[in-house]
Amino acid sequence: MYLWGRDWSRSELEQRIGSLSQLGGITRFEYCDGKARGVTALRVKTASGFEFSVLPERGLDIFEATYQGRSLSWHSPVGVMHPAYYDPRGLEWLKTFAGGLLTTCGLSAAGSPSEDHGEQLGLHGTISTTPAEQVNWWQEWENDELLMTISGKIREARVFGPNLVANRTIKSSLAGRSIRLEDRIVNEGNLITPLMLVYHCNFGFPLLTDRSRIYCPSQHVEGRTDFAKLHKESWNVFEPPVPGIEERVYYHELAPDEHGNVRVLLVSDDATRDFAVEITYTAATLPRFVEWKMTGQTHFVLGLEPANCKVDGRKAERDSGTLCFLKPGEEKQFGLELRVLAGSQEVSEAIQRQSA
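Residues numbered from 1 in each chain as written. Predicted model: local features only at pLDDT ≥ 70, side-chain atom pairs only at ≥ 80, totals over all residues. Heavy atoms only, no water.

## Brief notes about the side chain of S128
Defined as follows: For helices the rule is a DSSP run of H or I covering at least 4 residues; for strands it is a run of E covering at least 2, with both sets numbered from the N terminus onward. In this analysis, two residues are considered to be in contact whenever any of their non-hydrogen atoms come within 4.5 Å of each other.
You can see S128 is positioned in the loop between β10 (119-121) and β11 (133-142). Leaving out residues up to four positions away in the same chain, S128 has contacts with R58, G59, D61, W93, T103 and T104.

## Some words on the pairing of β11
Applied cut-off: Here, strands pair whenever DSSP counts at least two bridges between them.
In the sheet, β11 pairs with strand β12 (residues 145-157) via 8 bridges, with the strands oriented antiparallel. Paired with W138 across the strands is T149, a residue of β12. Counting the residues between successive antiparallel strands, the hairpin from β11 to β12 contains 2 residues, one of them, N143, with a positive phi of roughly 60 degrees.

## Here's the deal with the packing of aromatic side chains
Here a ring pair, both rings aromatic, is described through the centre-centre distance and the interplanar angle of the planes. Spelled out, the test is: For Phe, Tyr and Trp, where Trp contributes only its six-membered ring, two rings pair if their centres lie within 6.5 Å, and the inter-plane angle classes them as stacked under 30 degrees, edge-to-face over 60, or tilted in between. Both a distance and an angle decide whether a charge sits over a ring: NZ of Lys or CZ of Arg must be within 6 Å of the ring centre and within 35 degrees of the ring normal.
Going through the model one piece at a time under the given rule, you end up with 9 aromatic pairs. Taking the centre distance of 6.1 Å and the plane angle of 75 degrees together, the rings of W4 and W8 count as edge-to-face. Measuring from ring centre to ring centre gives 6.1 Å for Y67 and F275, while their planes differ by 20 degrees; the resulting arrangement is stacked. Linking Y67 in strand β6 (residues 61-67) with F275 in strand β21 (residues 275-282), this pair joins segments that are 208 residues apart in sequence. Clustering of aromatic rings is evident, with ring pairs tying together W74, W93, F97 and W292. Over the ring of Y85 we find K35, and its NZ or CZ is 5.4 Å from the ring centre. Looking at R213, its charged tip hangs above the ring of Y215, at a distance of 5.6 Å from the centre.

## Brief notes about the nonpolar core
For clarity, the cut-off: Within this scheme, the nonpolar core is defined by two criteria: the residues are buried Ala, Val, Leu, Ile, Met, Phe, Trp, Tyr or Cys, and they are joined through side-chain atoms within 4.5 Å. For every residue, the accessible area obtained with a 1.4 Å probe (protein chains only) is divided by the maximum for its type, and the residue is called buried under 20%, exposed over 50%, and partly exposed between those limits.
Counting residues in each nonpolar core, the largest one holds 58 residues, and the members touching the most others are F52, L72, F203, I214, V264, Y281 and L304. Excluding its chain neighbours within four sequence positions, the residues that come into contact with Y281 are L254, G260, N261, V262, V264, L286, R288, F289, P306, G335 and L336.

## A word on the pattern of salt bridges
Note that side chains of opposite charge can pair when their charged atoms are close. Spelled out, the test is: Throughout this description, the term salt bridge denotes a Lys or Arg side-chain nitrogen within 4 Å of a carboxyl oxygen of Asp or Glu.
Summed over all chains, the structure comprises 26 salt bridges. The shortest N-O distance in the salt bridge between R314 and E119 comes to 3.1 Å. Taken together, the residues span a long stretch of sequence, with R314 in helix α3 (residues 314-319) and E119 in strand β10 at a distance of 195 residues. Here D312 and R224 are joined by a salt bridge, their closest N and O atoms 2.6 Å apart.

## So, the pairing of β6
Counting buried positions along β6 gives 5 out of 7 residues, so the element sits mostly inside the fold. As judged from the 5 bridges shared by strand β5 (residues 50-55) and β6, these two strands associate in the antiparallel manner. Bridge assignment links L55 to a residue of β6, and that residue is D61. Counted along the chain from β5 to the antiparallel partner β6, the turn is 5 residues long, and its residue G59 has a positive phi close to 65 degrees. Count of turn residues in the β6/strand β7 (residues 70-71) antiparallel hairpin: 2 residues, of which Q68 carries a positive phi of about 50 degrees.

## Describing the sheet that holds strand β14 (residues 178-187)
What counts here: Lines fitted to the C-alpha atoms define the axes, with helices restricted to the stretch that makes contact. Angles between their N-to-C directions range from 0 to 180 degrees.
The strand order across the open sheet built from 8 strands is β11-β12-β13-β14-β25-β21-β20-β17, with neighbouring strands paired in antiparallel fashion. Each edge of the sheet is formed by a strand with only one pairing partner; in this case those strands are β11 and β17 (213-215). The average angle at which neighbouring strand axes cross in this sheet is 15 degrees, direction not considered. As paired strands, strand β20 (residues 261-267) and β21 are joined by 7 bridges and run antiparallel to one another. Of the residues in β21, the one forming a bridge with V267 is A276. The strands touched by helix α4 (residues 344-355) within the sheet are β17, β20, β21 and β25 (331-342), with β20 carrying the most contacts at an inclination of about 135 degrees.

Here you go:
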């Protein structure tokens, strides 16, 4: 593996350390204070300086993420909160929304609160406040590369209702600067069930700045509100935090590359172009892309959100004829990769890929 300017074999590294934890690995810990008390976390530490934490009690979502001490994600004023405080009504989801690198929205409902077929549905569904089952984590060598993996099952079920299970796997490597997330969602019930999924990736300062820029193959942009439509031409650039500003949500039609993949690039400073984050996913499984641009004071955040739906709620999705379903026994695969780009060469190459 390539680290610190040279290639290393497994044997060379093991000869120089007393324990693998000296370089990186997966460590379990538990929050013990306030409303986070009882939430466990799996901290993944790489030797490249990339670290992130996965929360089993929060649907195996990803909260903290840093690269060489530089935070990548936005943390809401709420902070990490135990799922026992979750309230499914209306907008109450916001009272337990910690932000973080990834908050998953779904599985049978996502987006705005709505009433659909007599069922009251709160904001963004329940999956991010559902503790995972059968959680495992392990580190294993594959030739001269150390792979780190976390897996578990997150179940959304009720009597006389849906029974959807997300089989989630999160992968990284000792020398890497990336996260590969894979979800296999299975309908284990006996009902045809709506399937709505939004990967709510939340980026914040110091990755996100007033000099940041988004690069993506957007063929069409639609503002969700009048305020967003008014500022549609500046969807990909930013300004300093503004007190009291309204959020802006945009729907994008993104063109996949020759392999069917979509790449979305957030460059931290478009003048220096030496630090960025890139999201890659398959357009066939996640045909929608939502941008949440919020440049308020204390709420200076960019949401880049691959999805299989818009965020207007399940009723709106059903009324438009675009609501996805899973039949009993049916399963679908979803996933994305998030990669940190460090240095002007890596960032420039990523921008050139967008141009191509």
